[in-house]
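Summary of the model geometry
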Amino acid sequence: MKETVKVARYRNVPYKVNYKVNGGGTSVYSWRESKGDSFQILDVPEDVVEWLAIYTQAFTDGELVIVDENDQMINLIENHDSYKNNSHTREAIVKFLNGTVKTLKEELKKITDDGEKRFVLSVAKENKVDSIAKQKAIAEWANMSIELLFEDDDE
């Protein structure tokens, strides 16, 4: 039996990988979007994880995450900082949203992937960040106005 690696999708949009196998076929791996604190984990063969790590940006951009931080496959990911800074769980985002403004700014500054930025903004809106200082920090980081970013959808 092939060795597998647990790979998760933390973001709130689905993701699909089409992997061409020897012999001409294609294996498809599909993750559904996360909802609340629920996200999908798939067992993916090591050869697919290796291909993703070496030939795509899926891990570097935080689209997919290797669940076990001690898994040796993580060593194949070229840019560990980008991987770490662009692959937050919803829980981790809520944690830095609830922290100090200084911590929030530091964490936001590390995020470079647009998909991760959209995920952070969506979590911030869902959690109704009510501190004006935090709203301002998030709005400046997102290059948007506070009014547009945190407008009340109930009205």
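Please refer to the structure higher up on the page.
These remarks concern the structure in this document. Predicted, not measured: the structure shown is a model, and the values here were computed from it.

Attention now goes to the overall build of the chain. Counting secondary structure elements, the chain contains seven helices and five strands. Reading the chain from its N terminus to its C terminus gives the helix and strand order β-β-β-β-α-β-α-α-α-α-α-α. A principal-axis box enclosing the C-alpha atoms of the chain has dimensions of 55 × 30 × 25 Å. Taking all 155 residues of the chain together, the buried fraction comes to 41%.

Right, let's talk about the packing of helix 5 (residues 114-126) against helix 6 (residues 132-142) for a bit. Remark: helix 5 packs on helix 6, axes separated minimally by 11 Å, with the N-to-C direction vectors making an angle of 155°. By the angle class used here, helix 5 and helix 6 are roughly antiparallel. Helix-helix and strand crossings are classified by hand; for helix 5 and helix 6 the assignment is left-handed. Facing Lys 117, Val 120, Leu 121 and Ala 124 of helix 5, the residues of helix 6 in contact are Ile 138, Trp 141 and Ala 142.

Overall, the coordinates contain nine salt bridges when judged by the stated rule. Note that Arg 9 is salt-bridged to Glu 63, the shortest N-O span being 2.6 Å. Of this pair, Arg 9 sits in strand 1 (residues 4-9) while Glu 63 sits in the loop between helix 1 (46-55) and strand 5 (65-66), and the two are 54 residues apart along the sequence. Taking the relative accessible area as the measure of exposure, Arg 9 reaches 1% and is therefore buried.

This part is about the environment of Lys 128. Note that Lys 128 resides in the loop between helix 5 and helix 6. On the basis of relative accessible area, Lys 128 is assigned to the exposed category, the value being 58%.

Right, let's get into the pairing of strand 3 (residues 26-31). Note: strand 2 (residues 15-20) against strand 3, six bridges, orientation antiparallel. Within the sheet, the bridge partner assigned to Asn 18 lies in strand 3 and is Val 28. Linking strand 2 back to strand 3 in an antiparallel pair, the connection comprises five residues, with Gly 23 at a positive phi of about 105°.

As a further point, take the pairing of strand 1. Sheet topology places strand 1 next to strand 4 (residues 40-45); six bridges connect them, and they run antiparallel. Residue Ala 8 lies in a different strand from strand 4, and its bridge partner there is Ile 41. Here strand 1 runs beside strand 5; their pairing, made up of two bridges, is antiparallel. When the sheet's bridge partners are listed, Ala 8 is paired in strand 5 with Val 65.

Moving on, we come to the layout of surface pockets. As a volume, the largest pocket reaches approximately 440 Å³. At the level of secondary structure, the elements contributing two or more residues to the lining of the largest pocket comprise strand 5, helix 2 (80-85), helix 3 (90-98) and helix 4 (101-110). Partitioned by chemical class, the residues of the lining of the largest pocket number eight nonpolar, five polar and five charged.

What counts, and at which threshold
Residues numbered from 1 in each chain as written. Predicted model: local features only at pLDDT ≥ 70, side-chain atom pairs only at ≥ 80, totals over all residues. Heavy atoms only, no water. Helix = DSSP H or I, 4+ residues; strand = E, 2+ residues; numbered from the N terminus. Buried < 20%, exposed > 50% of the residue type's maximum accessible area, 1.4 Å probe, protein only. Axes fitted to C-alpha atoms, helices over the stretch in contact; angles between N-to-C directions. Parallel < 35°, antiparallel > 145°, perpendicular 65-115°, else oblique. Left-handed = near helix turned anticlockwise from the far one by under 90°. Contact = heavy atoms within 4.5 Å. Salt bridge = Lys/Arg side-chain N within 4 Å of Asp/Glu carboxyl O. Pairing = 2+ DSSP bridges. 1 Å grid on protein atoms, 1.4 Å probe; cavity = no way out; pocket = protein on both sides within 12 Å on 5 of 7 lines; lining within 4 Å. Points joined across faces, edges and corners; volume = space filled by probe spheres on them. Nonpolar A, V, L, I, M, F, W, Y, C, P; charged D, E, K, R; others polar.

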